[in-house]
Amino acid sequence: MTIEGAVANRNTEQTIFLPIVPEIKTNCVLVWKKNALLTPTVNAYIEKFKQAF
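Quick caveat: nothing in here was measured; it's all calculated off a predicted structure. (Residues numbered from 1 in each chain as written. Predicted model: local features only at pLDDT ≥ 70, side-chain atom pairs only at ≥ 80, totals over all residues. Heavy atoms only, no water.)

Novice: I tried to follow the overall build of the chain on my own but got confused; where do I start?
Specialist: Within the chain, the regular secondary structure consists of one helix and zero strands. Counting every position in the chain, which comprises 53 residues, the buried fraction comes to 4%. Surface summary for the chain: the accessible area is close to 5500 Å², and the carbon and sulfur share equals 56%. (Helix = DSSP H or I, 4+ residues; strand = E, 2+ residues; numbered from the N terminus. Buried < 20%, exposed > 50% of the residue type's maximum accessible area, 1.4 Å probe, protein only. Areas by Shrake-Rupley, 256 points an atom, 1.4 Å probe, with all protein chains shown as cover.)

Written as structure tokens, this is what we have:
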């Protein structure tokens, strides 16, 4: 189970998206300290998050 669009850049030949009925909605929030020194891994995660949402 995943959020639609979260696996957009993956090999999804054997993956299908089946919406949940009734639909479940949520707000996603990602927070980090302004001007903080972030690792390359964290930067990549933030960029993926921005692309997905």
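Novice: Just checking my understanding: could you explain unusual backbone geometry for this structure?
Specialist: Trans is the common state for peptide bonds, and a negative phi is the common state for residues other than glycine. In this structure, the amide linkage connecting Val-21 to the following residue, Pro-22, adopts the cis form with an omega of 0 degrees. Relative to the elements of secondary structure, Pro-22 occurs in the segment before α1 (40-52). Phi angles above zero are rare outside glycine, and Asn-35 is one such case at about 65 degrees. Considering the arrangement of structural elements, one finds Asn-35 in the segment before α1. Relative accessible area serves as the criterion here: at 74%, Asn-35 is assigned to the exposed category.

Novice: How should the pattern of salt bridges be read in this particular structure?
Specialist: When the charged atoms of two side chains lie near each other, side chains of opposite charge can form a pair. According to the stated counting rule, one finds one salt bridge in the structure shown. In this structure, Lys-50 engages Glu-47 in a salt bridge whose closest nitrogen and oxygen atoms are separated by 3.7 Å. Of this pair, Lys-50 and Glu-47 both sit in helix α1, three residues apart, which is roughly one turn of the helix. Under the relative-accessibility criterion, Glu-47 is labelled partly exposed at 40%. (Salt bridge = Lys/Arg side-chain N within 4 Å of Asp/Glu carboxyl O.)

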